[in-house]
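# Geometric and topological summary
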Amino acid sequence: MVDEALATRIPEGWMPPAQMVERVRNLERFLLVSLIAEANAGVARAQAEQARVYALAARTGVAEDERAGTLEQEWALRSWKAEIAAVTNTSRQAVASIMGRSAVLTEDFPLVHAALAAGEVSMAHARIVCEAGTIIVHEDPAEQAARRELLVQVALEKARSTSPGRLKDFAIKQAERLTASSLEERYDQAMGSRAVLVTREADGMASLGARHSLPVLTAIDGRLSEMAKSIIATRGGESDDPRTFHQVRADVFAELLLTGELTSCPAAAGITAKASVTMPVLTMLDARAGDGSSLETTPALLDGVTPIPMSVAKALAANAPSFERILTHPITGTVVEVDRYRPTEAMRAWLRARDVHCRFPGCRLPAEKCDLDHTIPASEGGPTSLVNLAGLCRWNHTVKGNTAWRVRQLPGGVLEWTSPSGIVLVDAPEPRGVTFGPSPGGAPGIEIRGSTYRVQPPGSAPGPFSGPASGLAPGPSAGPATGPASGLAPGPASGLAPGPASGPAPGPASGLAPGPASGLAPGPASGLAPGPASGLAPGPASGLAPGPASGPATGPASGPAPGPSPGPASGVDPPPF
């Protein structure tokens, strides 16, 4: 369009400055992107109206059946479905499906429908929030409605700034925390539907679909990928094997199922499956309060994203050859430190735990499958350090390096992206676990040092605690300290910090003891031992700044010691390795 304008509106023989042409093209790109965004919002508004009238038709049909006494047969409702299908040239099954989803959207989740009608979210976002909301059940209808409304508010705020894929992971995790139903029971029931199905396709092809436990299928997918990579790596550059990565995966899959072993490439046969599961430390130690209830209700997460039953997670952990410790900020849930009992690729482990997925806005490819990108390119002097690295999938990695997209890394691993048309998009690492913020007056919450706090959506700015230095600062005997006896005793100035008679921590010949900010930390006779005044204390402006004698300090027999934490007003920057 710019070139046409230049050809028709500019005097012959005159060429505008290149900088002017570039600015005009950038403006044109911005306007075009804005028009696309507005068109999408228009589609959302139209779909909201479609949902309203479909739900109205369903209610009208039910009301007619009720008056005629044919609720069981649904003659009136069937008539409505048949007429709508005939007029819109769709199937009755499709009409019935749309009616059902529309009724749920407009009647059970009116706030979601209002956001869709305003063009603030897409229909894909709306469906995900409704599906997550139906997970939340409670014996008290009023309590169930309140919990669903809380989820909707949190999820809609997230939906306005992220893709449906990322929203789904987030919404399901929040729903699992709010529902009174047991994930274990729903998992056992869902496992009854496991199956393998073949779908015939054109050109002599077919698709094989399997429904099974998420950890099992994730491990199968990972093993196929590792085997394919090994086969491609061993064939060398002179190989006449033209197969792509996905073709090799398919061939390995078929050979393993048909023969039981991989004979075409023995080097890849020994590769085993791998699954990454995040478990709260108090759950692993089976810590319980005085009334016998569990002190930790956060579900286990597969690849740091998807909730899975704790019994499945514990079974996987029982056979794990090593553990990865992830220390998180006690208030924001942001990853602070990662290490392993068998240290390997420490920087990669830290970044995988922080990023979880590709850090390009909206992308959710797992971090294990991403490249490590230098935010400031190494060719321009960018250091290979944790404050200059982030996971990007191969597609977005090449887009960053070969187009006009720009990015800078802010404290706490926050990436500020600028699109070619000048639109700024911020991608922040998603915190693990629960975060807390100030409760409105009279609202229920947890009282700590004279202030009341409640669970708030991850990513929200936590309010400061009362106290001279703000944050969760351990007192003289606060912080996870091992003692001769067991049990959990709140420290004098902390949230849930073990006191002198603390547990769940072994004594001097310890195996596993809680680390400074939760997670698993070896005791005095193992790898990492906290120093005498150890603990993590947020700095004056939040972030994670150590107090005078604070930070994960190692004792005499300690292993690797993290470096200094960021100062005031900074985010949660990683320790140097």
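Let's shift gears to helix α6 (residues 123–135). Between its first and last C-alpha atoms α6 spans 19 Å; for 13 residues at 1.5 Å apiece the expected length is 18 Å, and the two agree. Of all the residues in α6, the buried ones are M123, H125, A126, I128, V129, C130, A132, G133 and I135.

This part covers the sheet that holds strand β12 (residues 424–427). Read from one edge to the other, the open sheet built from 3 strands follows the order β10-β11-β12, with strand pairing classed as antiparallel. Each edge of the sheet is formed by a strand with only one pairing partner; in this case those strands are β10 (406–410) and β12. Geometrically, the sheet is characterised by an average inter-axis angle of 20 degrees between neighbouring strands, direction not taken into account. Relative to β12, strand β11 (residues 414–418) runs antiparallel, the two being bridged by 4 bridges. If you follow E416 over to β12, its bridge partner there is V426.

The next point concerns the packing of aromatic side chains. In total, this model carries 3 aromatic pairs according to the counting rule given. Residues F360 and W417 carry aromatic rings whose centres are separated by 4.8 Å and whose planes lie at 65 degrees to one another, so their mutual orientation is edge-to-face. Of this pair, F360 sits in the loop between α14 (346–355) and β8 (371–374) while W417 sits in strand β11; the two residues are 57 residues apart in sequence, bridging distant segments of the chain. On the basis of relative accessible area, F360 is assigned to the buried category, the value being 11%. Its relative accessible area of 1% is what places W417 among the buried residues. Considering the side-chain rings of W405 and W417, the 6.2 Å spacing of their centres and the 75 degrees angle between planes classify their relative orientation as edge-to-face. Of the two residues, W405 is situated in the loop between α15 (394–402) and β10 and W417 in strand β11; the sequence distance between them amounts to 12 residues. Note on accessibility: W405 and W417 belong to one class, buried. Against the face of F170 rests K158, its NZ or CZ located 5.3 Å from the ring centre.

We now examine the packing of helix α3 (residues 75–88) against helix α4 (residues 92–108). Packing of α3 against α4 leaves a shortest axis separation of 9 Å and a crossing angle of 115 degrees. The pairing of α3 with α4 is recorded here as roughly perpendicular in orientation. Note on packing geometry: the crossing formed by α3 with α4 is right-handed. Residues L77, W80, K81, A82, I84 and A85 of α3 touch α4, and the partners they reach there are R92, V95, A96 and M99. Each residue belonging to the contact of α3 with α4 can be placed in one class, and the counts come to 8 nonpolar, no polar and 2 charged.

Using the criterion set out here, one finds 21 salt bridges in the structure. A salt bridge links R394 to D371; the nearest nitrogen and oxygen atoms lie 2.5 Å apart. Placement of R394 in helix α15 and of D371 in strand β8 is noted, with a sequence separation of 23 residues between them. The exposure class of R394 is exposed, given its relative accessible area of 55%. Judged by relative accessible area, which is 17%, D371 ranks as buried. Residues participating in the shared-partner salt-bridge network are R166, R354, D355, R359 and D427.

When two helices pack together, you describe them by how their axes are tilted relative to each other and by the distance separating the axes. Closest axis-to-axis distance for the helix α10 (residues 214–235)/helix α11 (residues 245–259) pair is 9 Å, and the angle between their directions is 115 degrees. In terms of their interaxial angle, α10 and α11 are classed as roughly perpendicular. Note on packing geometry: the crossing formed by α10 with α11 is right-handed. Each of D221, L224, S225, M227, A228, K229, I231, I232 and R235 in α10 lies in contact with α11, whose residues at this interface are F245, V248, R249, V252, F253 and L256.

Cut-offs applied
Residues numbered from 1 in each chain as written. Predicted model: local features only at pLDDT ≥ 70, side-chain atom pairs only at ≥ 80, totals over all residues. Heavy atoms only, no water. Helix = DSSP H or I, 4+ residues; strand = E, 2+ residues; numbered from the N terminus. Expected span 1.5 Å × (residues − 1). Buried < 20%, exposed > 50% of the residue type's maximum accessible area, 1.4 Å probe, protein only. Pairing = 2+ DSSP bridges. Axes fitted to C-alpha atoms, helices over the stretch in contact; angles between N-to-C directions. Phe/Tyr/Trp six-rings, centres within 6.5 Å; stacked < 30°, edge-to-face > 60°. Lys NZ or Arg CZ within 6 Å of the ring centre and 35° of its normal. Parallel < 35°, antiparallel > 145°, perpendicular 65-115°, else oblique. Left-handed = near helix turned anticlockwise from the far one by under 90°. Contact = heavy atoms within 4.5 Å. Nonpolar A, V, L, I, M, F, W, Y, C, P; charged D, E, K, R; others polar. Salt bridge = Lys/Arg side-chain N within 4 Å of Asp/Glu carboxyl O.

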